Amino acid sequence: MKVLIIISLLLLCTQNVLAEAYCSLRDPTAQIQQLFPDKTTQLSIVKAVDNSTRMHVQRELPRNDLHFSELGKHTLYVAMNNDKALGFVHVRSEQSKWGLVEIIWAIDTDLTIKSFAFQRCRSPKKKLIDNADFKSVFIGKSFAELKTLLNDDGVTANNTLLSKAKEAPDLANVVLRCALKTLLITDVLWGEELKKFQ
Amino acid sequence: MRKLLGILIFICSAPSFAEFTDNLRWSVDASARINKNIGAQNTSRLYALGLDTHKVFTSSNGDLGYAVGQLYFTKLSNQAPFPFMFDSKDDSKFIVREAHINYTAGSKWMPDVRLGHFTLPFGLEESIATNGRLLDYHHGKNLGTKLDWGIGLSKVLNKFEYRLSYTLGGKDDPKSINNSYLVTGRIGSHNHHDFIIGFSFLSGKLDDIERNRIALDWQYYWGTWGVLGELALGQDNKQQHWQSEKYNLIELNKVSNNGQFKLYSQYIYQDFEQADAANQLINVGISYQINTQLEFSMASRRTVKTPPSGKNQNLLRLQLRYRY
């Protein structure tokens, strides 16, 4: 009987989901509040990032890939003021020489960058770019506009961005790649569902 | 058994399967663990197969809350001493790990409310969940239990976060046993910062022992290195005799740039009510994420100093864990 119950439970669950134990999941509540101070509630929309998403990223951003921890289910948050959508929040990780850098992206309803905050960044140079001057290069830009900041090698930023990055060009490259992947994946996976908020 | 059937009926009676699977995360979690006690020349094994689920409930205007459910079929093999929820060293049982519902739709000042079986909000374990891993912060040994049934309140505010709970002290049973209860809480800085500090307390009665604890925990991360610590002090009243309790942990850890490989070493000083508890330990462990589903981990525990009545510990543990 026990075996039958286990098999029944497993049969109800036929999709591939990869992640750490779910009791450790935390919503980035403080950062969402910081990025959208007028937010009254947040609406979660969970989607699966899978190998087809990964291939899409490789196609649109050659020489880029998704970190293995980026596969699996991810949440996009809609910041709401009562029944009005203020924008979207999407957290993504990018590998760096200081470990994984996690950035919380605030996205406008037209899928342009509104702002961002570091969720986890252990680089000692974080303070050099965690300022309004550096962020201003990203704000208001769409995926296509941000892509013009990439050099031909597809992984480093050009001087338009690096001139604002002071002594932290490597970290600036990480932030740019993360922004591009975030906007691309937001559009590919959540785009259809987000139209009702635009 | 009736609980399991209830879960099946609940799942099948959801308004529609598509609606139920919206915002649902689930994973089949299987692990095999070998414990080699070199000093006692004993080898034991622990197998677990379970479902780990997380579901967010929403309305059209926002999230209402979420639920976490972790149900594991667990089999022991020659495990001595065996955990309290088992009847013998070769027993097997369905074990509910975390199982709680959370209401999060309150106003800015109103706390979130949690109801169910959850990890007590105390010390490092509150911000670093170790369920199913070899990594351990001695939560159960220090407090008497790691999880308990009850109600919790929590909130993430602009500058800090807190979590409080009142639980029944029945551990895996949702009831109070001989007037058992636990009041537990932690207040700390946000856990995404490079430096995190928290203050915890516990007061109550569990297993017929009155317990009081306070603790200070901290974490500092620089690059791929981390230094963690927890100092817990308190008293246990066992048969009208108050005895002081101490637990101190210092950990140094390192993660590879891509997060695949993790290494940690811990020094633990403990002085618990059990007379045979070794009081100074060194733990060294590694974990390697072979691919997105498969993780291998290994840990070694050695006694540095043992009280006269105590036992030396020389343990080697290996675990293979697969999450699909």
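Residues numbered from 1 in each chain as written. Chains lettered and ligands numbered in written order. Predicted model: local features only at pLDDT ≥ 70, side-chain atom pairs only at ≥ 80, totals over all residues. Heavy atoms only, no water.

A.B. asks: Would you mind showing me how to read the overall build of chain B here?
C.D. replies: Along chain B, the regular secondary structure elements total four helices and 16 strands. Over its C-alpha trace chain B gives a radius of gyration of 20 Å, about what one expects of a compact globule, namely 20 Å for 324 residues. The C-alpha extent of chain B, read off along each of the three principal axes, is 65 × 50 × 40 Å. In chain B, buried positions account for 48% of the 324 residues. Put simply, of all contacts in chain B between residues at least 6 apart along the chain, 48% involve residues at least 24 apart. Total accessible area on chain B is roughly 15400 Å²; 61% of this is exposed by carbon and sulfur atoms. Across chain B, the mean location of the 36 positive side-chain charges is 4 Å away from that of the 30 negative side-chain charges. (Helix = DSSP H or I, 4+ residues; strand = E, 2+ residues; numbered from the N terminus. Rg over C-alpha atoms; globule rule 2.2 N^0.38 Å. Buried < 20%, exposed > 50% of the residue type's maximum accessible area, 1.4 Å probe, protein only. Contact = heavy atoms within 4.5 Å. Areas by Shrake-Rupley, 256 points an atom, 1.4 Å probe, with all protein chains shown as cover. Lys, Arg positive; Asp, Glu negative; His and termini not counted. Charge placed at Lys NZ, Arg CZ, Asp CG, Glu CD.)

A.B. asks: How should I be thinking about the sheet that holds strand E4 (residues 99-107) of chain A in this particular structure?
C.D. replies: Two orientations exist for strands paired in a sheet by backbone hydrogen bonds: parallel and antiparallel. All names here are of chain A. What the five strands build is an open sheet, ordered E1-E2-E3-E4-E5; its pairing is antiparallel. Where the open sheet ends on each side, the last strands, each with one partner, are strand E1 (41-49) and strand E5 (113-120). Taken over all neighbouring pairs, the strand axes of this sheet differ in orientation by 25° on average, direction set aside. Taken together, the six bridges between strand E2 (residues 72-81) and strand E3 (residues 84-96) define a ladder with antiparallel strand orientation. Looking across to E3, one finds that valine 78 is bridged to phenylalanine 88. This element, helix H8 (residues 169-194), spans E1, E2, E3, E4 and E5 of the sheet and lies at about 135° to E3. (Pairing = 2+ DSSP bridges. Axes fitted to C-alpha atoms, helices over the stretch in contact; angles between N-to-C directions.)

A.B. asks: How should I be thinking about the packing of aromatic side chains in this particular structure?
C.D. replies: To describe a pair of aromatic rings, one takes the distance between the centres and the angle between the planes. Evaluation of the coordinates by the stated rule reveals nine aromatic pairs over all chains. Stacked on the ring of A:Phe116, the Lys or Arg A:Lys135 has its end atom at 5.1 Å from the ring centre. Above the plane of the ring of B:Tyr72 lies B:Arg97, whose end atom (NZ or CZ) is 3.6 Å from the centre. (Phe/Tyr/Trp six-rings, centres within 6.5 Å; stacked < 30°, edge-to-face > 60°. Lys NZ or Arg CZ within 6 Å of the ring centre and 35° of its normal.)

A.B. asks: Would you take a moment to explain the nonpolar core for this structure?
C.D. replies: Here is a general trend for soluble globular proteins: nonpolar side chains tend to be buried in one another's company. In terms of nonpolar packing, the biggest core is built from 48 residues, with A:Val78, A:Trp105 and A:Phe138 touching the most fellow members. For this core, the elements supplying multiple residues, two or more each, are E1, E2, E3, E4, E5, helix H6 (143-147) and H8 of chain A. Among the elements that line this core, the one with the most residues is H8(A), at 13 residues. For A:Val78, the contacting residues outside a window of four places in its chain are A:Thr41, A:Gln42, A:Leu43, A:Ile45, A:Ala85, A:Gly87, A:Phe88, A:Leu194 and A:Phe197. Formed by 23 residues, the second largest nonpolar core is a distinct cluster that contains B:Leu135, B:Tyr137, B:Leu182 and B:Tyr221. (Core = buried A, V, L, I, M, F, W, Y, C linked by side-chain atoms within 4.5 Å.)

A.B. asks: Help me out: how do you make sense of the interface of chain A and chain B in this one?
C.D. replies: Often the size quoted for an interface is simply the accessible area lost on bringing the parts together. At the interface, 55 residues of chain A touch 61 residues of chain B. For the pairing of chain A and chain B, the buried interface totals around 4800 Å² over both sides, and the portion due to carbon and sulfur atoms is 61%. The largest contributions to the chain A side of the interface with chain B come from A:Tyr22, A:Phe68 and A:Arg122, which together make up 15% of the buried area. In this structure, B:Glu161 and A:Arg26 form a salt bridge, with 3.8 Å as the shortest nitrogen-oxygen distance. The tally of links between chain A and chain B comes to 16 residue pairs in polar contact (both at pLDDT 80 or more). Within the residue set of the side of chain A that touches chain B, elements represented by two or more residues are helix H1 (2-11), helix H2 (29-35), E1, E2, E3, E4 and E5 of chain A. Here the residues of the side of chain A that touches chain B are counted per class, giving 27 nonpolar, 19 polar and nine charged. (Buried area = accessible area lost by both parts, 1.4 Å probe. Salt bridge = Lys/Arg side-chain N within 4 Å of Asp/Glu carboxyl O. Polar contact = N/O pair within 3.5 Å; in protein donor to acceptor, adjacent residues only side chain to side chain. Nonpolar A, V, L, I, M, F, W, Y, C, P; charged D, E, K, R; others polar.)

A.B. asks: Looking at this model, I keep getting lost on the pattern of salt bridges. Mind explaining?
C.D. replies: Pairs can form between side chains of opposite charge once their charged atoms are near each other. Under the counting rule described, the total for this entry stands at 25 salt bridges over all chains. Between A:Glu192 and A:Lys195 there is a salt bridge, and its shortest N-O distance comes to 3.2 Å. Among the residues examined, A:Glu192 registers a relative accessible area of 62% and is labelled exposed. The salt bridge partner of B:Arg321 is B:Asp29, with a shortest N-O separation of 2.7 Å. Remark: B:Asp29 occurs in strand E1 (residues 24-37) and B:Arg321 occurs in strand E16 (residues 314-323); sequence separation between them is 292 residues. Overall, B:Arg321 belongs to the buried group, its relative accessible area being 8%.

A.B. asks: Sorry, what's going on with the packing of helix H3 (residues 51-60) of chain A against H8(A) here?
C.D. replies: Pairs of packed helices are described in terms of their axes, by the angle between the two and the distance that separates them. All names here are of chain A. Packing of H3 against H8 brings their axes to within 11 Å, and their N-to-C directions diverge by 130°. By the angle between their axes, H3 is oblique relative to H8. Helix-helix and strand crossings are classified by hand; for H3 and H8 the assignment is right-handed. Facing Thr53, His56, Val57 and Glu60 of H3, the residues of H8 in contact are Lys181, Leu184, Ile185, Val188 and Leu189. Residue composition of the contact of H3 with H8, grouped by class: five nonpolar, two polar and two charged. (Parallel < 35°, antiparallel > 145°, perpendicular 65-115°, else oblique. Left-handed = near helix turned anticlockwise from the far one by under 90°.)

A.B. asks: Sorry, what's going on with unusual backbone geometry here?
C.D. replies: In this structure, the amide linkage connecting B:Ala80 to the following residue, B:Pro81, adopts the cis form with an omega of 0°. In this structure, B:Pro81 sits in the loop between strand E3 (62-77) and strand E4 (92-103). With phi around 55°, A:Asn82 is a residue other than glycine that occupies positive phi space. Assignment of secondary structure puts A:Asn82 in the loop between E2 and E3.

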